[in-house]
Amino acid sequence: MNAAAVRHILDTIAAMFPDAHCELNHSNAFELTIAVLLSAQCTDATVNKVTVDLFKKYKTPEDYISVPLEELEQDIRRIGLFRSKAKHIHNLCQILIHQYDGEVPNEHSELVKLPGVGRKTANVVVSNAFGVPAIAVDTHVERVSKRLGLAGWIDSVLEVEKKLMKRIPQEEWTQTHHRLIFFGRYHCKAQNPNCEVCPLLDVCREGKKRMKRSQVSKDRS
C-alpha cells in the first residue's frame, strides 16, 4: 500500500471520528492501568460500570493490597476472568509500592514487567497517560487494519503494530489508534459492518467481498 492510499484512509476515518478518544474512564495513570488491565476480553462499557465504584474505594496501590484478595475479587466479579485479574492487580500494586514508590512507570519497557500488563496495555498507558506516541493493537484495530489492507491477513498482533507504525506518521499514532478503534467499534463491526455506506469501501478487501456476495444473493432471489 502506497503513502497516498494510507493518507486517504487516515483522512477518511479522521473525518468520521474527529473526537475519538480513550473510552475507559480514569483520572490518572494508575486508574488507567487498572482499567486497561480489567478490559482484557471485556468491553469498555462493562469496565466503566465496575470502576465507577472501584475507583471510589481504591485510590492508591496501598488501598488494593490492604484488603483480602477475595474482597477485591467480589468488587470486580462482573468482569470476565475476575479472579486472575484480581491477583494481577494485587501483585502489580505490590511491585509499584516496592519498586516504583507507588507510581506507575512512564516507560514502556518498565510497564510490560508488571503483572497483567502486556504490550497493548503498556501502549495505551504511555500514550494516554504520558503523551508518548504509540499504537495499541486491540481486536478492533487488528480487524480494521487487515480489512483495509494496512496489514496482512495472517499478520500477528505485533506485526500489525509494526506495519501501522511504519505507515502512519509518528505524531498521528495515538490519535489514529483511537480512530481505528471507533471505526471498528461503531462502523466496521466484526459481524455486521456497514459496508454499503462505508466511504472506504473502495480500498476495503473485506467490504468488496461482502458487497459482491450480497449482490449475488439479490440476483438469485
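Up top is the structure.
Residues numbered from 1 in each chain as written. Predicted model: local features only at pLDDT ≥ 70, side-chain atom pairs only at ≥ 80, totals over all residues. Heavy atoms only, no water.

### Regarding the packing of aromatic side chains
Here is step 1: By the definition in use, this model includes 4 aromatic pairs.
Here is step 2: Relative to phenylalanine 182, the ring of phenylalanine 17 has its centre 6.0 Å away and its plane inclined at 70°; by these criteria the two rings are edge-to-face. Taken together, the residues span a long stretch of sequence, with phenylalanine 17 in the loop between helix H1 (3-16) and helix H2 (29-38) and phenylalanine 182 in helix H11 (residues 173-186) at a distance of 165 residues. By the burial criterion, phenylalanine 17 is buried, and phenylalanine 182 matches it.
Here is step 3: Ring centres 5.7 Å apart and planes at 80° place the aromatic pair phenylalanine 30 and tyrosine 64 in the edge-to-face group. In this pair, phenylalanine 30 is assigned in helix H2 and tyrosine 64 in helix H4 (residues 61-65), connecting sequence segments 34 residues apart.
Here is step 4: Three or more aromatic residues joined by ring pairs form one cluster here, namely Phe17, Phe182 and Tyr186. (Phe/Tyr/Trp six-rings, centres within 6.5 Å; stacked < 30°, edge-to-face > 60°. Helix = DSSP H or I, 4+ residues; strand = E, 2+ residues; numbered from the N terminus. Buried < 20%, exposed > 50% of the residue type's maximum accessible area, 1.4 Å probe, protein only.)

### Re helix H8 (residues 119-130)
Here is step 1: Compared with an ideal rise of 1.5 Å per residue, which puts 12 residues at 16 Å, H8 spans 16 Å between its outermost C-alpha atoms and is within 8% of the ideal.
Here is step 2: Within H8, the full set of buried residues consists of Thr121, Ala122, Asn123, Val124, Val125, Val126 and Ser127.
Here is step 3: Buried residues belonging to H8 abut H2, helix H7 (108-111), helix H10 (157-167) and H11.
Here is step 4: Trailing H8 by a residue or two, glycine 131 shows a phi angle of about 70°, which is positive. (Expected span 1.5 Å × (residues − 1). Contact = heavy atoms within 4.5 Å.)

### With respect to the pattern of salt bridges
Working definition: two side chains of opposite charge can pair if their charged atoms are close together.
Here is step 1: Per the counting criterion, the structure on display carries 11 salt bridges.
Here is step 2: A salt bridge links glutamate 71 to lysine 57, with the nearest nitrogen and oxygen atoms 2.6 Å apart. Of this pair, glutamate 71 sits in helix H5 (residues 69-75) while lysine 57 sits in helix H3 (residues 44-57), placing them 14 residues apart in sequence.
Here is step 3: For glutamate 71, a relative accessible area of 31% gives the class partly exposed.
Here is step 4: The class of lysine 57 is partly exposed, set by a relative accessible area of 39%.
Here is step 5: Note that glutamate 161 and arginine 119 form a salt bridge whose closest N and O atoms lie 2.8 Å from each other. (Salt bridge = Lys/Arg side-chain N within 4 Å of Asp/Glu carboxyl O.)

### A short note on unusual backbone geometry
For residues besides glycine, phi is generally negative; the peptide bonds are generally trans as well.
Here is step 1: For glutamine 41, which is not a glycine, the phi torsion comes out positive at approximately 55°.
Here is step 2: Assessed through its relative accessible area of 74%, glutamine 41 is described here as exposed.

### Focus on the environment of aspartate 155
Here is step 1: Mapping aspartate 155 onto the fold places it in the loop between helix H9 (139-147) and H10.
Here is step 2: Considering only alpha carbons, one finds aspartate 155 and arginine 7, 148 residues apart in sequence, at a separation of 21 Å.
Here is step 3: Once residues lying within four places of it in the same chain are set aside, the contact partners of aspartate 155 are Glu142, Lys146, Val160 and Lys163.
Here is step 4: Of the polar contacts made by the side chain of aspartate 155, one reaches the backbone nitrogen of glycine 152; its length is 2.6 Å.
Here is step 5: Of note is the side chain of aspartate 155, whose polar atom sits 2.8 Å from the side chain of lysine 163. (Polar contact = N/O pair within 3.5 Å; in protein donor to acceptor, adjacent residues only side chain to side chain.)

### A closer look at the nonpolar core
Here is step 1: Leu54, Tyr64 and Ile76 are the most contacted members of the largest nonpolar core, which has 38 residues in total.
Here is step 2: Listed by contribution, the elements that provide at least two residues to this core are H2, H3, helix H6 (82-99) and H8.
Here is step 3: Tallying contributions element by element places H2 first for this core, with 8 residues.
Here is step 4: The residues contacting isoleucine 76, other than those within four sequence positions of it, are Leu38, Val50, Leu54, Phe82, Lys85 and Ala86. (Core = buried A, V, L, I, M, F, W, Y, C linked by side-chain atoms within 4.5 Å.)

### A closer look at the packing of H9 against H11
Here is step 1: The interhelical angle for the contact between H9 and H11, taken along N-to-C directions, is 80°, at an axis separation of 8 Å. If you check the angle between H9 and H11, you find them roughly perpendicular. Facing H9, whose interface residues are His140, Val141, Arg143, Val144 and Ser145, H11 presents His177, Leu180, Ile181, Phe183, Gly184 and Arg185. (Axes fitted to C-alpha atoms, helices over the stretch in contact; angles between N-to-C directions. Parallel < 35°, antiparallel > 145°, perpendicular 65-115°, else oblique.)

### A short note on the packing of H1 against H11
Axis angle and axis distance: for two packed helices, these are the angle between their axes and the distance between the axes, and together they describe the pair.
Here is step 1: Close contact between H1 and H11 brings their axes to 10 Å; oriented N to C, the two are set at 70°. With respect to H11, the axis of H1 lies roughly perpendicular. The way H1 lies across H11 gives a crossing that is left-handed. From H1, Leu10, Ile13, Ala14 and Met16 reach across to H11, where they touch Thr176, Arg179, Leu180 and Phe183.
Here is step 2: Across the contact of H1 with H11, the residue classes tally to 6 nonpolar, 1 polar and 1 charged. (Left-handed = near helix turned anticlockwise from the far one by under 90°. Nonpolar A, V, L, I, M, F, W, Y, C, P; charged D, E, K, R; others polar.)

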